[in-house]
Amino acid sequence: MPRIKKKGQAGAAKNYVTRNQAIRKLQISLPDFRKLCIWKGIYPREPRSRKKVSKSSTSSTTFYFAKDIQYLLHEPLLQKFRDQKSLEKKISRALGRGDVTDAARLEKNSGQPEKTGKPRYTLDHVVRERYPTFVDALRDLDDCLSMLFLFANLPSTSMVPAKMIARCERLCLEFQHYLIMSQSVTKSFLSIKGIYYQANIQGEDILWLVPYRFNQRVVGDVDFRIMGTFIEFYMTLLGFINFRLYTSVGLKYPPKFDKSKDENAAELGAFTLEGKTLVGAEEQKQLEDSEHKPDPKTQAAVNKVLKKLKSKDSEDESISATDDQTDGDDNSGAIDKFEPVVSGGDVLPQPSNAGNAPGSLFSNFTFYLSRETPRQPLEFLLKAFGCKRVGWDAVLGDGAFTTNELDPAITHHIVDRPPIQATAGEDGEGEDNQTSQKLATNMRVPGRTYIQPQWVWDCVNDGELKEAHLYAPGASLPPHLSPFVTQVQGAYDPTIPLEEQEPEEEALEAESDGEQPDETVEGMDVADSDNEEDDEFGGFSADEEEEEEEEENGDDEAENDDADERQKELEAELTGGKVKSQAVNGKAKAKEEARKALSKKAREEAEELDRAKGMLSKKKRKLYEQMVYTNNKKSAEDQKLRAKRRKFEKEKAKGKAKA
């Protein structure tokens, strides 16, 4: 007799377990189970058929792989959770008995594991298990940095303790110091959400978001327990990564931390980096020079081989030089350009003559930040791209190169306030209510470049110094475009003029639409002005009478022309001939002909496409229709963007004409 199969012991039901079954199997509480799953990277799974997987009449909502739960049974953190739970039970029993001294003793010993207190746990082994190699950890660093920078800017509450915020801020500043030291930052973008940064570390592009330094309001609908669990893991992960990054460039980790400077809002200035690259470089050089020398016989043999190779290379170079001379001397200093082989292909990045590294973009300048500018992101970006001297107002905190606004070493002054028209009675010798300003309103130091903060971001993204007069105080800034968007051939590009990228049909429609509203508006204005004249009639002057007579003569001529047209139509009906059309405006006629030619061309192309689609199979035809649908959707979005830009340019032109 065959064995009777029981429900839930074979098939898909055997591969999944519900959340309640997993909790009972692990013998831990629901919050501890959530912590464990987040730290170990175990997530709920969605089975193909809930009916086959569910082992009870009620439908379960959360399922996990049975293998994952079996893997958690051997986790060392489980025993720590159980010990912690037993300690909490001891304290609650002592309080229930009224033995306050015993409860206080247990709670006091909770910070000392050697005295059987609250067990401490670390997540070091979890980090090593989840990220076997350092590259794996770098690939998962985006969310880690975004979360830590977010918590570093939050106010301390009962759910977000101050110690957690301080540790997040310290880890983030240590990571920023490495980026400054290694010059790894590549791009940055100011968005509504915050400031995006991108860095390239050991070949991996890392993108994270830093919120603006506004007063954050902590709301109650956010579960900070779950976020705190992630933060606890991310703090351990970033500590590991910082240690590896610092040691890879020869720096000591952790760096020296000055608490007094940190209390004065020095931030990056509160850390002092130490290592062979900064301190003791001469000793390291002496050690490298005093290394053992190679065997003289071996060195002589190597020198003979090198001489032979050099002689062959010199002959090859002489032959290639003669070939290059025959080609011509015009392209001697030219750089190769990479052009797409097929027309309509993607535009490839071209090499440039600029030999300066992007990391030394601001190395020759001294910057001064006004008190209204965001000090933290500007200081980080300027130092990450080679600037060694950044000063700011004393109100912004400690750690500045200079706090004197009149320092002659300053070359660039970053301001973010509009020019203010000073009153006639101002002498400029008074003091501000926040800090003493050495300069009066709208006063400028000669020989210094005044720019707005966007200049720094645009220089960083383009890899070159932009023209400073475009970013002068009070000037309308150029558009700040995202450097993370790759331009595709045929898509809308805000950097290219509108006439070069709009199709012919759209250009003709825009011209016709641009003419019609002006005529209607003018007609409406004329009607309104006539009504106003009728309401406020006070007699005619001599000039107005002459204008009235001219208008009446023009109306009479128009009526005569209409009568002639009607007469010609009647004669053509009697004789059976054609009506002779009047002379049409040449410009309008050319537009009409161009529109007809475009419509004819579109009809021919549509007919060719229909004939070609008839040769396709049903499967390929559906695939082609999906491609056409997506392309039409993208072109419609591009058309909307071009229409917005056209409208903006027209309004800008009207404003200039009025001015």
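Quick note: structure is the one above.
Conventions and cut-offs
- Residues numbered from 1 in each chain as written.
- Predicted model: local features only at pLDDT ≥ 70, side-chain atom pairs only at ≥ 80, totals over all residues.
- Heavy atoms only, no water.
- Pairing = 2+ DSSP bridges.
- Helix = DSSP H or I, 4+ residues; strand = E, 2+ residues; numbered from the N terminus.
- Axes fitted to C-alpha atoms, helices over the stretch in contact; angles between N-to-C directions.
- Buried < 20%, exposed > 50% of the residue type's maximum accessible area, 1.4 Å probe, protein only.
- Salt bridge = Lys/Arg side-chain N within 4 Å of Asp/Glu carboxyl O.
- Patch = residues over 30% accessible without salt bridge, like charges linked within 9 Å, V, L, I, M, F, W, Y side chains within 5 Å.
- Areas by Shrake-Rupley, 256 points an atom, 1.4 Å probe, with all protein chains shown as cover.
- Lys, Arg positive; Asp, Glu negative; His and termini not counted.
- Charge placed at Lys NZ, Arg CZ, Asp CG, Glu CD.
- Phe/Tyr/Trp six-rings, centres within 6.5 Å; stacked < 30°, edge-to-face > 60°.

**Thoughts on the sheet that holds strand S10 (residues 412-414)**
Backbone hydrogen bonds hold the strands of a sheet together, and the pairing may be parallel or antiparallel.
So, point 1. Across the sheet, 4 strands lie side by side as S9-S8-S10-S11; this open sheet has parallel pairing. Edge positions in the open sheet fall to strand S9 (389-392) and strand S11 (449-451), since each of these has one partner strand only. Within this sheet the neighbouring strands show an average axis-to-axis angle of 25°, counted without direction.
So, point 2. Bridging between strand S8 (residues 366-369) and S10 involves 3 bridges; their strand directions are parallel. Of the residues in S10, the one forming a bridge with Tyr-368 is His-413.

**Details of helix H16 (residues 375-384)**
So, point 1. Of all the 10 residues making up H16, 8 are buried; the element is thus mostly covered by neighbouring parts of the structure.
So, point 2. Looking at H16, one finds that the buried residues are Arg-375, Pro-377, Leu-378, Glu-379, Phe-380, Leu-381, Leu-382 and Ala-384.

**Quick word on the pattern of salt bridges**
So, point 1. Per the counting criterion, the structure on display carries 17 salt bridges.
So, point 2. Put simply, Arg-139 and Glu-204 hold a salt bridge, and the shortest N to O gap is 3.5 Å. Taken as a pair, Arg-139 in helix H9 (residues 134-139) and Glu-204 in strand S5 (residues 204-210) lie far apart in primary sequence, 65 residues in all.
So, point 3. Linked by salt bridges that have partners in common, Lys-40, Glu-75 and Glu-129 make up one network.

**Considerations on the environment of Gln-202**
So, point 1. Turning to its location among the elements, Gln-202 is positioned in the loop between strand S4 (195-201) and S5.
So, point 2. Expressed as a C-alpha distance, the spacing of Gln-202 and Leu-138, which sit 64 residues apart in the sequence, is 8.8 Å.

**Focus on the pairing of S4**
So, point 1. In terms of burial, S4 is a largely internal element, 5 of the 7 residues being buried.
So, point 2. Pairing between strand S3 (residues 185-190) and S4: 5 bridges, direction antiparallel. Residue pairing in the sheet places Val-185 in a bridge with Ala-199 of S4.
So, point 3. Taking the residues between adjacent antiparallel strands as the criterion, S3 and S4 are bridged by 4 residues.
So, point 4. Note: S4 against S5, 7 bridges, orientation antiparallel. Each bridged residue has a counterpart across the sheet, and for Asn-200 the counterpart in S5 is Asp-205.
So, point 5. Following S4, the chain reverses through 2 residues before pairing antiparallel with S5; Gln-202 in that reversal takes a positive phi of roughly 55°.

**Quick word on a negative patch on the surface**
So, point 1. Taken together, the side chains of Glu-604, Glu-605, Glu-607, Glu-608 and Asp-610 make up a negatively charged region of the molecular surface.
So, point 2. Its location among the elements puts Glu-605 in helix H21 (residues 586-614).

**Overview of a positive patch on the surface**
So, point 1. On the surface, a cluster of positive charge is made up of Lys-85, Lys-89, Lys-90 and Arg-93.
So, point 2. Tracing the backbone through its elements, the reader meets Lys-90 in helix H6 (residues 76-97).

**A short note on the packing of aromatic side chains**
So, point 1. A full pass over the atoms with the stated rule returns 21 aromatic pairs.
So, point 2. Arranged with centres 5.6 Å apart and planes meeting at 85°, the rings of Phe-362 and Phe-367 form a pair that is edge-to-face.
So, point 3. For Phe-362, a relative accessible area of 0% puts it in the buried group.
So, point 4. For Phe-367, a relative accessible area of 0% corresponds to the buried category.
So, point 5. In textbook terms, an aromatic cluster arises when at least three aromatic residues are bridged by ring pairs, as seen for Phe-149, Phe-175, Tyr-197, Trp-208 and Phe-380.

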